[in-house]
Each structure stands twice: as structure tokens, then as C-alpha cells.
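# Residue-level structure breakdown
What follows is the residue order along each chain.
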Amino acid sequence: MPDHISASPSIETLLAAVSSEFDGAVAPPIVQTSLFTFDSYQAFEDRMAGRTDDPLYTRVQNPTVAALENMMAAAEQGEAAVGFASGMAAISSTVLAFVRPGDRIACVEHVYPDAYRLFERLLRPFGVEVTYHAVEEFQCNPDLLAGAKLAYLESPNSAVFQTMDLSVVASHAKRHGTLTVVDNSWATPVFQRPLTLGIDIVVHSASKYLSGHSDTVAGVVIARSDLIAQIRDLSLTLLGGKLAPFEAFLLTRGLRTLGARMRQHQSTADFLVERLSGHPLVSKVLSPAAGSVPGLTGRSGLMSVELDDTIDIPNFADALKLFQLGVSWGGFESLILPAQIALNQAGEQNSMQRFGVSGRIVRLSLGLEDPNDLWADFEAALKASAREK
Ligand SMILES: *Cc1c(COP(=O)(O)O)cnc(C)c1O
């Protein structure tokens, strides 16, 4: 790792820092206002003319949202950040700020299913070309990005959790003038900081680990100041998918414990991976370990397992007592999502079908419960749902 990374404060320290902006208050006040007034004609005119940067209107600027944005910029070691109403608002606003008809997006296979639908159902009809590539192709083919406006990446990707060496892909992209975007929701800045690996833009679903409490839907984008300014000016302002002050407050609260929670998720994940890996009723465990690619320093609690043919998956799901059935992930509670349910999801453009995810796969989000209790629950459900060979 470059020297400047080890020299900077650790992420736990950054996320515990108290902002000097709120008169000694350690938690940011919720500034629940739509607009901000001005003392004089001159002050109002200066703001509208862009000569000052005081808050004007909460669609674009709000002090509680700014507190969250500053924390995330520090956490990802970026210059600036912008909050959004959801991860999908962050993703769509980022892509729409930079891509025009005739441009090509090179996207990783097994991308988050609604990002795939954004590309296929909205952007393709507007004349944007989208090509999909395996993680190895991004790494090993230096010319893959020739002529691509934007590379849309996840490492690890969704459902199957394949990783790529982001610094290698970033250097290919730089040679072709391709803008790189990485969805870092899985690793969080605690385990991976893509901007330090040469990636241009990090997007997050803040609804997952950043919030951590399954009570918020939000998104955030972190990048160089000029890129964030373009997103703010174009797609935040014109599409209007802003983060609300109350959600921003919940996120600053969640971020205070992010480091501690991620370490706990990692230790539970390591514990379960060890037991699952040798188990006769589990045929595959899909969970990248710390250090499996450069820059990935930890394993989060979201993984998939492929169950043996003898397991009746609906019976298995119904036999679990601690793991709940549901979408989303990254909260305090453990969840499972059987891939077959996602494969059968109603509506157009199913990326799980397109990229060939096996119906034997079950995604697990390991929460903050005792790992022994989780394993006991999981193993009992395996036994209860195994048919005779
Ligand atoms: C959930 C998720 C999103 C979308 O975020 P929302 O906050 O639900 O809009 C994007 N990327 C990944 C990897 C996700 O898991």
C-alpha cells in the first residue's frame, strides 16, 4: 500500500471525530427546513450568482446532509461526497451525470439487479450501449475499455461475490480515458477504499452496512470535487433524488459504529465459512476472504452458499428460526434470500437469469447475533430439510 494510506488516521478514528460545526453538539442537529433565507439583497444575489456557497434549498444543500457527506468523504479518502435518497438514486444520478446517447458503459457481470434494469430498461432505450464482462476480463484484457465512457464495477459483485483487482482495472481505464465507478456497499470503507486504488467514483447503498440498523434507505457518492460538483449540478439538482435530513442524521449515527460492526460481521463470517466449507450438505461457499485481491482487507457478512441437491430449499428456509426471509442486507439481523425467489421475480430484465445464477444458491446476510446460535440454527435447518439420496 502507498505510504500516504498508512499515515492517515484509521477509519474508526475518523468516524468518531466530532465536527466543530455544531457549537459543541456531538451529534448533528436535524435541520428540518426546505429553504434558507438571506440577510440582505446583496447576500441573496451573491449566493444565486455562485459567489458564496451558503445553503439555499434542501434539494441541493442541507447542513445535516453535509455532516454525513463530510464523514463519508473522509472515510473513503475522497475530496467530496453527495448524499441521495437511495442507493439507486446515487447510481442513476452518477451514471446520468456522465453518460450521453452513443456512449458505452462496460459493466461487470452479476451486477446488482436494479442497476442492470437501469441500464437495460432506461439507458439502452435512450441510446446508451451497455456491454457486460466477467471480472477476469476486466483484469486481463487491457483493451476491453477502449472507447468505453464509463466502467461500472462491483468487487465483489452481487449474488456470487467474485472479486477483481481494482488497481489493475483502474490503470487500464486511465489509459483509455474511461471513468471508473465502483459500488462499495459490500466492503464499506472499513475493508476497501477504491479511490486509493485509482478508481474515480465510489457509490454506496447506505441502506446496508453504513446505516447498519435496517431503518433507512439512502445512498452516497464519493469522488474528486470536480466530479461531485458535476453530479450535484446536473443530476442531484435536476433529478432531485436528495437525501432527507432525518435519514442523514440516522446515517451519521450508524457510521459511528461502522468499524466495530464490520469487525463483528467479519468474525461471524469467518466462523461460518469455516463450518460451511467442510459440510457435506453444502457444495460451495461464495465469500471473498480478506486479502483475496489487493486492497480488500476484510470479509463482510454477506455471502452465498450453494446447497447440496438433497436439500429441499423451501423446507430449509422454513426450518430456520433465527435467519429471517427478506431482501436487503447489512443490518443487525440475519437474513436469507434463496436465489430461486430472485430468479422467479416478476418483471422485465432479470439479471440473475441472464448471468445464470444457480437456483441452488442461498444468499446469507449474517447479522450481529451470537455466531454459535446462527450456526446451530443453520445446521439444524440443513438436517431437517435433507432428503434421502
Ligand atoms: C441494495 C443495493 C443497491 C441499491 O440500494 P438501495 O438503497 O436499495 O437503492 C445497490 N447496490 C448494491 C450492491 C445493493 O446491494
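Here the residue index of a chain counts from 1 through its sequence in written order. Totals for whole chains, interfaces and linings use every residue, but because this is a predicted model, local features are given only for residues with pLDDT of at least 70 and side-chain atom pairs only at 80 or more, for both listing and counting. As a convention, hydrogens and water are excluded, and side-chain values are obtained from all of the structure's heavy atoms.

Bringing helix H4 (residues 63–75) into the picture now. Under the scheme used here, helices are H or I runs from DSSP no shorter than 4 residues and strands are E runs no shorter than 2 residues, and both carry numbers assigned from the N terminus. Multiplying 1.5 Å by the residue count of a helix minus one yields the expected span of that helix. With 13 residues, H4 ought to run about 18 Å at 1.5 Å a step, and its terminal C-alpha atoms sit 18 Å apart, in line with that. Those residues of H4 lying buried are Thr64, Val65, Ala67, Leu68, Glu69, Met71, Met72, Ala73 and Ala75. Residues adjacent in sequence count toward polar contacts only when both atoms are side-chain atoms; beyond that, a polar contact is any pair of N or O atoms within 3.5 Å, and within protein one must be able to donate a hydrogen and the other to accept it. Its side-chain oxygen at 2.9 Å from the backbone nitrogen of Thr64, Asn62 defines the N-terminal cap of H4. Just downstream of H4, Gln77 is the residue with a positive phi angle, here 55 degrees. Three labels apply to residues, based on accessible area from a 1.4 Å probe with only protein chains included: buried if under 20% of the type maximum, exposed if over 50%, partly exposed otherwise in between.

A single heavy atom is enough: if one lies within 4 Å of a molecule or strand, its residue is considered near that molecule or strand. The environment of the ligand is made up of Ser86, Gly87, Met88, Ile91, Tyr112, Asp183, Ser205, Ser207, Lys208, Ala218 and Trp329. Here a nitrogen atom of the ligand and a side-chain polar atom of Asp183 are 2.6 Å apart. The side chain of Lys208 places a nitrogen or oxygen atom 2.7 Å from an oxygen atom of the ligand. The protein chains hide 88% of the 380 Å² of surface that the ligand would expose on its own. Structurally, the ligand is housed in the largest pocket. In terms of residue count, the dominant contributor to the shell around the ligand is helix H5 (residues 87–98) (three residues). Note on residue classes: Ala, Val, Leu, Ile, Met, Phe, Trp, Tyr, Cys and Pro are nonpolar, Asp, Glu, Lys and Arg are charged, and everything else, Gly too, is polar. Of the residues assigned to the shell around the ligand, the class counts are five nonpolar, four polar and two charged. Only the protein chains shown count as cover for residues, with accessible areas throughout obtained via the Shrake-Rupley method and a probe of 1.4 Å. The pocket and cavity definitions rest on a 1 Å grid over protein atoms only: a 1.4 Å probe that fits but cannot leave marks a cavity, an open set with protein on both sides within 12 Å along at least five of seven lines marks a pocket, and residues lining either have an atom within 4 Å of a point. Pocket occupancy is defined atom-wise: a molecule lies in a cavity or pocket when more than half of its atoms are within 2 Å of its grid points.

Counted as salt bridges are all cases of a side-chain nitrogen of Lys or Arg within 4 Å of a carboxyl oxygen of Asp or Glu. Summed over all chains, the structure comprises 13 salt bridges. Asp226 is paired through a salt bridge with Arg224; the nearest N and O atoms lie 2.9 Å apart. Take Arg224: its relative accessible area is 37%, and that puts it in the partly exposed class. In this structure, Arg299 and Asp270 form a salt bridge, with 2.9 Å as the shortest nitrogen-oxygen distance. With Arg299 in the loop between strand S8 (282–286) and strand S9 (302–307) and Asp270 in helix H12 (residues 258–277), this residue pair connects regions lying 29 residues apart in the sequence. According to the relative accessible area criterion, Asp270 is partly exposed, its value standing at 34%. Connected through shared salt-bridge partners, Glu45, Asp46 and Arg51 make up one network.

Note on ring pairs: Phe, Tyr and Trp rings are taken, using the six-membered ring of Trp, and paired if centres are within 6.5 Å. Classes follow the plane angle, with under 30 degrees stacked, over 60 edge-to-face and the rest tilted. Scanning the entire structure with this criterion turns up 10 aromatic pairs. On the numbers, 5.4 Å between centres and 75 degrees between planes, the contact of Tyr209 with Trp329 is edge-to-face. Of this pair, Tyr209 sits in the loop between strand S6 (201–205) and strand S7 (219–223) while Trp329 sits in the loop between strand S10 (324–325) and strand S11 (335–338), and the two are 120 residues apart along the sequence. Of the two residues, Tyr209 and Trp329, neither departs from the other in class, the shared state being buried. Three or more aromatic residues joined by ring pairs make a cluster, and in this case those are Phe316, Phe323, Trp375 and Phe378.

Let us look at the environment of Asn344. In this fold, Asn344 is placed in the loop between helix H14 (339–343) and helix H15 (351–354). Take Asn344: its relative accessible area is 56%, and that puts it in the exposed class. Through-space distance from the C-alpha of Asn344 to that of Tyr132 is 22 Å; in sequence the pair is 212 residues apart.

This part is about the layout of surface pockets. Grid points are joined across faces, edges and corners, and a volume is the space filled by probe spheres set on the points. For the largest pocket, the calculated volume is near 890 Å³. Along the walls of the largest pocket sit 44 residues, with Tyr112, Lys208, Ser328, Trp329 and Arg363 positioned nearest its centre. Every element with two or more residues in the lining of the largest pocket is listed here: H5, helix H6 (113–123), S9, S11, H14, H15 and strand S12 (361–365). For each domain, the first and last residues come from an automatic or database assignment. Split by domain, the lining of the largest pocket shows at least three residues from each of two domains, domain 1 (11–100 + 170–256) and domain 2 (258–385). As a volume, the second largest pocket reaches approximately 490 Å³. Surrounding the second largest pocket, 26 residues form its lining, Asp53, Gln61, Ala66, Glu69 and Arg232 being those nearest its centre. Elements supplying a minimum of two residues to the lining of the second largest pocket: H4, strand S1 (80–84) and helix H10 (225–239). For the lining of the second largest pocket, the class distribution of residues is 11 nonpolar, six polar and nine charged.

The element strand S5 (residues 179–183) is largely enclosed, with a buried count of five among its five residues. In this scheme, strands are said to pair when DSSP sees at least two bridges between them. When strand S4 (residues 150–154) meets S5, the two strands line up parallel, connected through five bridges. Across the sheet, residue Leu153 finds its bridge partner in S5, namely Val182. With helix H8 (residues 166–176) bridging S4 and its parallel neighbour S5, the resulting β-α-β unit is right-handed. Relative to S6, S5 runs parallel, the two sharing three bridges. If you follow Val182 over to S6, its bridge partner there is Val202. Look down the strands so they point away from you; if going from the first strand over the helix to the second traces a clockwise path, that crossover is right-handed.

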